[in-house]
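Here is how the chains run, residue by residue.
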Amino acid sequence: MCDDAVPAAYQSADAEESAGSSGTSKVRMFPPAPEPLPVPVMDNHTHLDFPDGNAPVGITAALDAAAAVGVQGAVQVGCDLESSRFTAAAVDLDPRLLGAVALHPNDAPRYAARGELEEALAEIEQLAGHPRIRAIGETGLDFFRTSGEGLAHQRYSFRRHIDIAKRLDLTLQIHDRDAHSDVVQVLRDEGAPERVVFHCFSGDADLARICNEEGWWMSFAGTLTFKNADNLREALAVADPGLLLVETDAPFLTPHPHRGRPNASYMVPYTVRAMAELTGSDLAGLCSAISENTVRAYGSWD
């Protein structure tokens with residue numbers, strides 16, 4: 001695959017240009033495929049059920065496009081009942097896919113408001129019994145989009161997800177937005193599961209040091225490449241290499257130089273190369289470490 005071509009599966013899915021609030025056009029076409037990685041890695045957080053284009057891309061086609069550039073597998077992540085049900089079905093369709101199921105912290109208050117939170121949590125636990133569901137996530141705290149009494153429901157839901165992960169011996173995938181100290185406090189109060197991943201790590205060097213001490217994985221996304229992300233680059237500089245993971249959070253958070261365009265698992269190499277450059281690491285060595293870390297976090301894809 002050449003580095004100036006959009007993968008075939010995504011060419012028909014390109015979204016049309018749309019006018020922003022300033023009247024300028026926002027390019028929504030999928031970016032070109034990057035140069036393949038020398039050693040394969042996995043995208044440990046993506047949303048294949050969230051299409052960002054004119055036509056959906058099938059699971060196999062999406063994973064084929066990723067594999068062509070050295071992304072050999074992915075973790076499909078649920079964030080409400082609908083997407084968690086999708087995830088539990090999707091992991092049976094392609095062996096390159098594992099899954100995570102949960103109620104997103106911003107969705108938990110909505111279920112609670114309808115009197116449906118307990119029933120929803122029970123279904124999440126049921127879905128998590130599938131052998132290829134390897135994580136409970138994404139769950140955590142989000143102080144950016146939720147406030148007031150909704151925060152109590154977030155905290156309750158987070159604690160319940162921690163309990164499910166511990167009882168089922170599953171990895172916990174954390175969503176942490178503007179809530180670093182509170183997330184850490186809840187994990188310590190409840191007793192963290194054996195395996196914890198901070199999805200789309202958004203903290204600073206202080207949080208990275210806490211993760212080092214606790215043995216919690218830090219998953220870096222395209223945000224690492226954003227010009228205003230000095231905190232992430234400082235965190236990466238002190239992060240234990242044995243705790244590094246990579247993700248897309250697709251279709252969101254497309255890395256530089258394609259920020260603002262749709263994202264997909266085939267875009268992982270842009271972030272991995274940025275990680276190698278920022279840490280002064282050998283690219284192949286970093287890829288091998290990320291791959292080994294990912295298997296330690298979620299188990300084998302085989």
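Going by the structure above, here's the rest.
To keep things clear, this report deals only with the structure shown in the data block.

## With respect to the packing of aromatic side chains
In this description, an aromatic ring pair is defined by two values, namely the gap between the centres and the angle between the planes. A complete count under the given rule lists 6 aromatic pairs for this structure. Ring centres 6.1 Å apart and planes at 65° place the aromatic pair Phe50 and Phe252 in the edge-to-face group. Within this pair, whereas Phe50 is found in the loop between strand 3 (41-46) and helix 2 (59-67), its partner Phe252 is found in the loop between strand 10 (244-246) and helix 10 (268-279), the two being separated by 202 residues in sequence. A relative accessible area of 26% places Phe50 in the partly exposed class. Ring pairs connect the aromatic residues Phe198, Phe201, Trp216 and Phe220, which therefore count as one cluster. Residue placement shows Arg114 over the ring face of Tyr111; its charged tip is 4.9 Å from the ring centre. Here the guanidinium or amino end of Arg259 rests over the ring plane of Phe226, the centre of that ring lying 3.7 Å away.

## Things to note about the packing of helix 6 (residues 150-168) against helix 7 (residues 180-190)
Relative orientation of the contacting elements helix 6 and helix 7 amounts to 45°, with a least axis distance of 11 Å. What the angle tells us is that helix 6 and helix 7 run oblique. Taken as a pair, helix 6 and helix 7 cross one another with a handedness that is right-handed. Facing Arg155, Phe158, Arg159, Ile162 and Lys166 of helix 6, the residues of helix 7 in contact are Asp182, Val183, Val186, Leu187 and Glu190. Split into classes, the residues belonging to the contact of helix 6 with helix 7 amount to 5 nonpolar, no polar and 5 charged.

## Some details on helix 2
Turning to helix 2, its buried residues number three or more, namely Ile59, Ala62, Leu63, Ala65 and Ala66. Down the axis, helix 2 shows its buried residues gathered within 155° of arc, on one side only.

## A few points about the pattern of salt bridges
For the structure on display, the rule yields 15 salt bridges. Its salt-bridge partner being Asp107, residue Arg110 comes within 2.9 Å of it at the nearest N-O pair. Residue Asp107 is classed as buried on the basis of its relative accessible area, which comes to 17%. When the shortest N-O distance is used, the salt bridge between Arg188 and Glu214 registers 3.0 Å. Here Glu214 lies in helix 8 (residues 205-214) and Arg188 lies in helix 7, a separation of 26 residues in the sequence. Residue classification places Arg188 among the partly exposed positions, given a relative accessible area of 42%. Salt bridges here are not isolated pairs; linked through shared partners, they connect Asp64, Asp94 and Arg96.

## Side note on the layout of surface pockets
The calculated volume of the largest pocket comes to roughly 930 Å³. Taken together, 34 residues form the lining of the largest pocket, with His175, Arg177, Cys200, Asp249 and Leu253 sitting closest to its centre. Elements represented by at least two residues in the lining of the largest pocket include exactly helix 3 (81-90), strand 6 (133-142), strand 7 (171-177) and helix 9 (230-238). Among the elements that line the lining of the largest pocket, the one with the most residues is strand 7, at 3 residues. In terms of residue class, the lining of the largest pocket is built from 10 nonpolar, 11 polar and 13 charged.

## A short note on the packing of helix 8 against helix 9
Viewed as axis vectors pointing N to C, helix 8 and helix 9 meet at an angle of 30°, and their least axial separation amounts to 8 Å. If you check the angle between helix 8 and helix 9, you find them roughly parallel. Of the two elements, helix 8 crosses helix 9, and the hand of that crossing is right-handed. Note on element contacts: helix 9 touches helix 8 through Asn231, Glu234, Ala235 and Val238, opposite Ala205, Ala208, Arg209 and Asn212. Considered class by class, the residues forming the contact of helix 8 with helix 9 number 4 nonpolar, 2 polar and 2 charged.

## Quick word on the environment of Pro241
Relative to the elements of secondary structure, Pro241 occurs in the loop between helix 9 and strand 10. Look at Pro241 and you get exposed, because its relative accessible area is 54%. Taking the C-alpha atoms as reference, Pro241 lies 28 Å from Ala62; in sequence the two are 179 residues apart.

Cut-offs applied
- Residues numbered from 1 in each chain as written.
- Predicted model: local features only at pLDDT ≥ 70, side-chain atom pairs only at ≥ 80, totals over all residues.
- Heavy atoms only, no water.
- Phe/Tyr/Trp six-rings, centres within 6.5 Å; stacked < 30°, edge-to-face > 60°.
- Helix = DSSP H or I, 4+ residues; strand = E, 2+ residues; numbered from the N terminus.
- Buried < 20%, exposed > 50% of the residue type's maximum accessible area, 1.4 Å probe, protein only.
- Lys NZ or Arg CZ within 6 Å of the ring centre and 35° of its normal.
- Axes fitted to C-alpha atoms, helices over the stretch in contact; angles between N-to-C directions.
- Parallel < 35°, antiparallel > 145°, perpendicular 65-115°, else oblique.
- Left-handed = near helix turned anticlockwise from the far one by under 90°.
- Contact = heavy atoms within 4.5 Å.
- Nonpolar A, V, L, I, M, F, W, Y, C, P; charged D, E, K, R; others polar.
- Arc of directions from axis to C-beta.
- Salt bridge = Lys/Arg side-chain N within 4 Å of Asp/Glu carboxyl O.
- 1 Å grid on protein atoms, 1.4 Å probe; cavity = no way out; pocket = protein on both sides within 12 Å on 5 of 7 lines; lining within 4 Å.
- Points joined across faces, edges and corners; volume = space filled by probe spheres on them.

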